[in-house]
Amino acid sequence: AAGVIQSPRHLIKEKRETATLKCYPIPRHDTVYWYQQGPGQDPQFLISFYEKMQSDKGSIPDRFSAQQFSDYHSELNMSSLELGDSALYFCASSPWTGRRETQYFGPGTRLLVL
Amino acid sequence: AQTVTQSQPEMSVQEAETVTLSCTYDTSESDYYLFWYKQPPSRQMILVIRQEAYKQQNATENRFSVNFQKAAKSFSLKISDSQLGDAAMYFCAVNYGQNFVFGPGTRLSVLP
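Note that the structure is predicted; figures quoted are calculated from it, not measured.

**Examining the nonpolar core**
Residue and element names in this part refer to chain B.
Reasoning step 1: Within the largest apolar cluster, 27 residues are counted, with the highest numbers of intra-cluster contacts made by V4, Y25, W36, F75, L77 and Y90.
Reasoning step 2: At the level of secondary structure, the elements contributing two or more residues to this core comprise β3 (19–21), β5 (33–39), β6 (46–52), β8 (64–69), β9 (74–79), β10 (88–96) and β12 (106–111).
Reasoning step 3: The element that contributes the greatest number of residues to this core is β10, accounting for five residues.
Reasoning step 4: Apart from residues lying up to four places away in sequence, Y90 is in contact with Q6, L21, W36, Y37, K38, V48, F64, L77, I79, G105, T106 and L108.

**Overview of the pattern of salt bridges**
Reasoning step 1: Across all of its chains, the model carries eight salt bridges over all chains by this definition.
Reasoning step 2: Across the pair D26(B) and K73(B) runs a salt bridge whose closest N-O atoms are separated by 3.6 Å. Here D26(B) is found in strand β4 (residues 24–26), whereas its partner K73(B) is found in the loop between β8 and β9, with 47 residues between them in sequence.
Reasoning step 3: For K73(B), a relative accessible area of 26% puts it in the partly exposed group.
Reasoning step 4: Connected through salt bridges with shared partners, the residues R63(A), E82(A) and D85(A) form a single ionic network.

**Quick word on the confidence of the model for chain B**
Reasoning step 1: Mean pLDDT over chain B stands at 92; residues scoring 70 or higher make up 96%.
Reasoning step 2: Looking over chain B, one finds the lowest element-wise mean pLDDT in strand β11 (residues 99–102) of chain B, namely 80, and the highest in β3(B), namely 98.

**Details of the state of the cysteines**
Residue and element names in this part refer to chain A.
Reasoning step 1: Applying the stated criterion across every chain, the model contains two disulfides over all chains.
Reasoning step 2: Here C23 engages in a disulfide with C91; their sulfurs sit 1.7 Å apart. On the sign convention where negative means left-handed, the S-S torsion of about -55° between C23 and C91 marks this disulfide as left-handed. Of this pair, C23 sits in strand β3 (residues 19–24) while C91 sits in strand β9 (residues 87–94); the two residues are 68 residues apart in sequence, bridging distant segments of the chain.
Reasoning step 3: Given a relative accessible area of 0%, C23 falls into the buried group.
Reasoning step 4: On the accessibility criterion, C91 (0% relative accessible area) is buried.

What counts and what doesn't
Every chain is numbered on its own, with residues counted from 1 as its sequence reads. Note on labels: chains are lettered from A, ligands numbered from 1, in written order. Only residues with pLDDT of at least 70 get local features here, since the model is predicted, and only at 80 or more are side-chain atom pairs given and counted; chain-wide, interface and lining totals rely on the full set of residues. Only hydrogens and water are set aside; all other atoms, that is, all heavy atoms of the structure, feed into the side-chain values. Working definition of a nonpolar core: buried Ala, Val, Leu, Ile, Met, Phe, Trp, Tyr and Cys residues. They are joined through side-chain atoms within 4.5 Å. Working definition: with a 1.4 Å probe on protein chains only, accessible area under 20% of the residue-type maximum means buried, over 50% means exposed, and in between means partly exposed. Put simply, DSSP marks the helices as runs of H or I at least four residues long and the strands as runs of E at least two long, and each gets a number from the N terminus on. In what follows, residue pairs with any heavy atoms lying within 4.5 Å of each other are defined as contacts. Salt bridge, as applied in this entry: a Lys or Arg side-chain nitrogen positioned within 4 Å of an Asp or Glu carboxyl oxygen. pLDDT expresses how confident the predictor is about each individual residue, on a scale running from 0 to 100. Cysteine sulfur atoms are paired as a disulfide whenever they fall within 2.5 Å.

Dropping the structure here:
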């Protein structure tokens, strides 16, 4: 079965640089979520999109932005990177059936900011 | 604020034995889903089991089962016949609206 695809899997950036993370949801899933997981921490919700519109916003810094495209893939754009942005970034997708549904997680993108 | 609590930061179990991981949550909603996710050293988040709050019957998936007590807002995970591959971080999560709230996790070690 197809899973959530994230690219790149690993990314190394310098402070103050920008980074773009991509997420390709499971086919026919129209809702995408982004999470940040620091070392030894639980995943923290950043932002979600449903049918290409932002549906909910969590603890996403103003330096970050995201969008969902017409093919339902999503990109998380991170600017002015800080050392504290080093983390594992998960994308998850779910189908919207009118009820709260299971989120299926991608393998994550490991971001290291030097 | 919605909260999810896992009171056991670490647990250990002997191979082939049974272990129960605890989770409590706080919500004013009546319709929600509860989940247990497993995160092995690879850090992939793997769905273990899910429970719909409006269903009274406890969910079961092979060796994994839950004890869902809605009134007590408790959602524990029982792992039977523990295997070495069960060693991982286990996160309890509750789906409020469009996003999940995760608990802090329980690190499970399986002893041979």
